[in-house]
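# Summary of structural features
Listed here are the chains, written in short residue letters.
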Amino acid sequence: MTEAGPSLSVISKEGQSYKILLEGISIALANSIRRVLLAFVPTLAIDEIIFDENNTSFYREYIAHRLALIPIKTVMSYEELADNYFEPKAEVDMALDAKAEKDEVVYASELKFPDGSVATEHPRIPIISLTAGQNLRAELRAKIGTGRDHAKWQPVSATSVINYPIIKINGSCEDCAKCASACPTGAITEKNGKLIVVDEALCTLCGMCMDQCPEAISVSGDPRRHILSFDLNGQLDARTALTAALEILNRELGNILSQLEVLVNEEKTQ
Ligand code: SF4
């Protein structure tokens with residue numbers, strides 16, 4: 001019997017948290033996709049600031065640090081992101097102009113692109129507090145970069161890869177439900193005096209159920225199916241971030257293959 005080819009599907013999406021099912025690949029490759037997604041997919045982040053006016057109570061360094069950590073909308077295709085991974089070029093200018101007539105908080109919604117649009121998907125991130133009469137004006141430049149250089153460029157956080165859980169309730173289960181009480185995620189539960197599996201995808205393979213009733217329940221990981229979990233930080237949508245990760249991995253492997261072919265050809269001609 002031939003094995004099914006690789007496939008990818010969405011298990012769940014809650015807000016900006018995603019669980020993706022990767023099938024037909026090894027855990028090593030699934031983890032490579034996670035690593036590239038986290039540390040190699042480029043995004044824009046504020047990297048240069050000229051303060052035109054700052055009569056607030058805060059040092060410029062402090063304000064600059066807070067501004068740099070605001071996720072900036074990165075409107076690029078996955079091919080453009082991959083191009084910018086290999087040859088970083090993209091940058092975009094922004095402006096910040098806040099004048100306080102009363103005590104107020106400056107939010108990320110004050111960060112504007114040259115066309116006047118708000119530069120972030122998270123406009124309610126607070127930057128600093130101003131008292132009446134204080135002003136903050138700055139010219140900012142966001143540059144393309146990757147998470148391996150600084151976390152401000154990471155498109156995702158809280159990433160993980162696990163084998164897809166397989167939960168088996170064995171014949172010796174007496175439905176005491178001790179394992180269901182121990183389960184921290186609700187993957188298993190007791191209903192009408194019976195132990196049932198609610199959703200294998202909720203399982204984290206923690207093993208706490210097996211500690212309670214090792215004879216009655218067994219949990220293992222499927223070696224050819226994996227769950228990739230991540231939270232988007234706000235620069236990219238999930239489809240663009242994932243396809244950019246795959247494109248970068250593909251081009252990196254293609255480069256290695258080309259170099260290998262050159263070596264093989266050189267050996268043949270010697
Ligand atoms: S391994 Fe952990 S998460 Fe999975 S079913 Fe058992 S207790 Fe729940």
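Structure report, in brief. (Residues numbered from 1 in each chain as written. Predicted model: local features only at pLDDT ≥ 70, side-chain atom pairs only at ≥ 80, totals over all residues. Heavy atoms only, no water.)

## Looking at the overall build of the chain
Broken down by element type, the chain carries six helices and twelve strands. Taking 18 Å as the expected radius of gyration for a compact globule of 270 residues, we find that the chain reaches 25 Å, considerably beyond that expectation. Viewed in the frame of its principal axes, the chain has a C-alpha envelope of about 75 × 70 × 25 Å. Residues counted as buried form 38% of the 270 residues belonging to the chain. Of the accessible surface of the chain, which amounts to about 15,100 Å², a share of 51% is contributed by carbon and sulfur atoms. Between the averaged position of the 26 positive side-chain charges in the chain and that of its 38 negative side-chain charges there is a distance of 2 Å. (Helix = DSSP H or I, 4+ residues; strand = E, 2+ residues; numbered from the N terminus. Rg over C-alpha atoms; globule rule 2.2 N^0.38 Å. Buried < 20%, exposed > 50% of the residue type's maximum accessible area, 1.4 Å probe, protein only. Areas by Shrake-Rupley, 256 points an atom, 1.4 Å probe, with all protein chains shown as cover. Lys, Arg positive; Asp, Glu negative; His and termini not counted. Charge placed at Lys NZ, Arg CZ, Asp CG, Glu CD.)

## Some thoughts on helix α3 (residues 78-86)
Among the residues of α3, L81, A82, N84 and Y85 are the ones counted as buried. Relative to the axis of α3, the buried residues are bounded by an arc of 165° and lie together on one face. Elements that come into contact with the buried residues of α3 comprise β8 (135-145) and α6 (238-269). (Arc of directions from axis to C-beta. Contact = heavy atoms within 4.5 Å.)

## Digging into the sheet that holds strand β1 (residues 7-14)
In spatial order, the strands read β1-β2-β12-β9; together these four strands make up an open sheet with antiparallel pairing. Edge positions in the sheet fall to β1 and β9 (156-169), since each has one partner strand and no second. In this sheet, adjacent strand axes meet at a mean angle of 30° when their direction is disregarded. Taken together, the seven bridges between β1 and strand β2 (residues 17-23) define a ladder with antiparallel strand orientation. Within the sheet, the bridge partner assigned to K13 lies in β2 and is Y18. Lying over the sheet, helix α1 (residues 27-39) contacts β2, β9 and β12 (217-232), oriented at roughly 155° with respect to β9. Here α6 sits on the sheet and contacts β1, β2 and β12; the angle it forms with β12, its principal contact strand, is near 110°. (Pairing = 2+ DSSP bridges. Axes fitted to C-alpha atoms, helices over the stretch in contact; angles between N-to-C directions.)

## So, the site of the ligand
The local shell around the ligand consists of I167, C183, P184, T185, C203, T204, L205, C206, G207 and C209. Mapping the ligand onto the cavity grids shows that it belongs to the largest cavity. Of the residues belonging to the shell around the ligand, the class tally is seven nonpolar, three polar and no charged. (Near = heavy atom within 4 Å. 1 Å grid on protein atoms, 1.4 Å probe; cavity = no way out; pocket = protein on both sides within 12 Å on 5 of 7 lines; lining within 4 Å. Sits in = over half its atoms within 2 Å of the grid points. Nonpolar A, V, L, I, M, F, W, Y, C, P; charged D, E, K, R; others polar.)

Take it as geometry only, folks, not as evidence of what the structure does.
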